[in-house]
Amino acid sequence: MTTAGRRSINTATYSSILLAGIGTAAVALLLVYLADAFLEFNVMGLYLDYLLPVGAMLVGIVAGSGYGMAAWITGARIPRALLWVVILFQCAAYFYAQYLVFERMHLVYKDTGLPVGFFQYFDVAARSFAFKSSDGTSANAMGVWGYAFRFLEVAGFAAAGVIIPLFVRGIPYCESCQRYMRRKVATALPASVPARKIKKSDAAALAAYQEENRQAAESAAKALDTLSEMAASRETASLTDSLTALRPGTVAANNRPFRYSLSLYLCRTCPAGDLVAIPLSGQGKKLKRGEKMEFPIPTEGDAGHA
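Residues numbered from 1 in each chain as written. Predicted model: local features only at pLDDT ≥ 70, side-chain atom pairs only at ≥ 80, totals over all residues. Heavy atoms only, no water.

S.K.: Break down the overall build of the protein chain for me, with residues and values.
M.R.: Counting its secondary structure elements, the protein chain contains 9 helices and 7 strands. For 306 residues, the compact-globule estimate of 2.2 N^0.38 gives 19 Å, and the C-alpha radius of gyration of the protein chain, at 26 Å, exceeds that figure by more than 25%. Taken along its principal axes, the extent of the C-alpha atoms in the protein chain is 85 × 65 × 30 Å. A burial count over the protein chain gives 37% of its 306 residues as buried. A fraction of 65% describes how many contacts in the protein chain between residues 6 or more apart in sequence connect residues 24 or more apart. (Helix = DSSP H or I, 4+ residues; strand = E, 2+ residues; numbered from the N terminus. Rg over C-alpha atoms; globule rule 2.2 N^0.38 Å. Buried < 20%, exposed > 50% of the residue type's maximum accessible area, 1.4 Å probe, protein only. Contact = heavy atoms within 4.5 Å.)

S.K.: An account of helix α8 (residues 236-246) is requested, with residue identities and associated values reported.
M.R.: Taken as a whole, α8 has its buried residues at Leu239, Thr240 and Leu243. The buried residues of α8 occupy one face: seen down the axis, they fall within an arc of 100 degrees. Exposed side of α8, more than 90 degrees from the buried face: Ala237, Asp241 and Ala245 are the residues found there. For α8, the elements touching its buried residues are β3 (182-190), α7 (203-232), β4 (258-266), β5 (273-281) and β7 (293-297). (Arc of directions from axis to C-beta.)

S.K.: Just give me the short version of the pairing of β4, but keep the residues and values in it.
M.R.: In terms of burial, β4 is largely enclosed, as 7 of its 9 residues are buried. Of the pairings in the sheet, the one linking β3 to β4 comprises 8 bridges and is antiparallel in character. Bridge pairing in β4 places arginine 183 opposite tyrosine 265. Summarising the sheet, β4 and β5 pair through 9 bridges and their orientation is antiparallel. Across the sheet, residue leucine 266 finds its bridge partner in β5, namely glycine 273. (Pairing = 2+ DSSP bridges.)

S.K.: Tell me about the packing of helix α3 (residues 80-105) against helix α5 (residues 146-161), and please be specific about residues and values.
M.R.: In contact at an axis separation of 8 Å, α3 and α5 are set at 130 degrees when each is read in the N-to-C sense. It follows that α3 is oblique to α5 by the angle criterion. Along this stretch, α3 crosses α5, giving a crossing that reads as right-handed. In contact with Val86, Ile87, Gln90, Cys91, Ala93, Tyr94, Phe95 and Gln98 of α3, α5 contributes Arg150, Glu153, Val154, Phe157, Ala158 and Gly161. Here the contact of α3 with α5 is built from residues that sort into 9 nonpolar, 3 polar and 2 charged. (Axes fitted to C-alpha atoms, helices over the stretch in contact; angles between N-to-C directions. Parallel < 35°, antiparallel > 145°, perpendicular 65-115°, else oblique. Left-handed = near helix turned anticlockwise from the far one by under 90°. Nonpolar A, V, L, I, M, F, W, Y, C, P; charged D, E, K, R; others polar.)

S.K.: I'd like to hear about helix α4 (residues 118-127), residue by residue, with values.
M.R.: Of all the residues in α4, the buried ones are Phe118, Tyr121, Phe122, Ala125 and Ala126. Down the axis of α4, the smallest arc covering the buried residues is 130 degrees, so these residues share one side. Taken together, the buried residues of α4 touch α3 and α5.

S.K.: I'd like a rundown of the nonpolar core, residues and numbers included.
M.R.: If you look at the biggest cluster of nonpolar residues, it comprises 24 residues, and the most contacted ones within it are Ile17, Ala71, Ile78, Cys174 and Tyr180. Among the secondary structure elements, those contributing two or more residues to this core are α1 (3-38), α2 (54-74), α3, β1 (173-174) and β5. Each residue touching isoleucine 78, except ones within four places of it in the same chain, is listed here: Ala71, Leu83, Pro165, Val168, Arg169 and Tyr180. In terms of nonpolar packing, the next biggest core, distinct from the first, is built from 17 residues, Leu189, Leu239, Leu266 and Leu275 among them. (Core = buried A, V, L, I, M, F, W, Y, C linked by side-chain atoms within 4.5 Å.)

S.K.: Could you give me a rundown of the environment of glutamate 40, with the residues and numbers involved?
M.R.: Secondary-structure assignment places glutamate 40 in the loop between α1 and α2. Put simply, glutamate 40 and lysine 200 are 160 residues apart on the chain and 61 Å apart in space, counted from C-alpha to C-alpha.

S.K.: Give a description of the packing of aromatic side chains that names residues and reports values.
M.R.: Tallied over the full model, the rule gives 15 aromatic pairs. Considering the side-chain rings of tyrosine 99 and phenylalanine 102, the 5.7 Å spacing of their centres and the 50 degrees angle between planes classify their relative orientation as tilted. Residue tyrosine 99 and its partner phenylalanine 102 are located together in helix α3, separated by 3 residues, close to a single helical turn. The partly exposed category is assigned to tyrosine 99, whose relative accessible area is 33%. The exposure class assigned to phenylalanine 102 is buried, which follows from its relative accessible area of 8%. Feature note: the residues Tyr94, Phe95, Tyr96, Tyr99, Phe102, Phe118, Phe119, Tyr121, Phe122, Tyr147 and Phe157 constitute an aromatic cluster, connected by ring pairs. Between arginine 268 and the ring centre of tryptophan 72, over which it is positioned, the NZ or CZ distance is 5.0 Å. (Phe/Tyr/Trp six-rings, centres within 6.5 Å; stacked < 30°, edge-to-face > 60°. Lys NZ or Arg CZ within 6 Å of the ring centre and 35° of its normal.)

See the structure below:
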């Protein structure tokens, strides 16, 4: 298929992706409206530790889920430009959600009885921003600083909206078939020996431990080279078997200080695929990810795979 052909197919599907995103945004805003109208619960106003707008982020994820799901279903690759469009749509959706809350109030000025404008309402609401304690009492209004928290809500809602599209965008993609690949095997390859405590004064034990780790890292590098050669040679069956053989030791490997996360993605239509290896170190909050390495499985006669 020509490049021009691919572009025409993708261009034709972008409108459906945007419509799907608008649809899930409408559902998310409806839920926000119903929660406010019937439960008097402001979902968008939920914060964690007074800084993280978890409510706006959760609603944003739901609102933006349609973009990612539609891209996966249609097989259209998500370009960066579309992500910026999603962010703009999310910002518009946030203010529309605020407008829905404003409309339900039917606010008027006491003196004149004239209706209050949305921007006047938003300004007062921002300046009146205050956190409630667990006993229901409210702190003093923050004044102009309330706009900082409104900004956090907008940013959290918009950024959360691209989480699922970004996840889909990161999945290996078959350019020839215009489809996202499916992960067939996921496992881990140990690149160090298990961590153990050694006294600093025990130089011999430290040297032996370092040598064991060097050998484990060297062994992992050789194994990764073998797997990458299988991918380049289109030995998909052997590659799948080799990765499957590693799966029983996945938990043990993930407990090592250094290891590789391995995933095999295969196209659902053609023989193309990708072996993805991510170096990992540390555990829990100290977990660090190295640069992702991709080893393509080309189709017959194909020089490479994106």
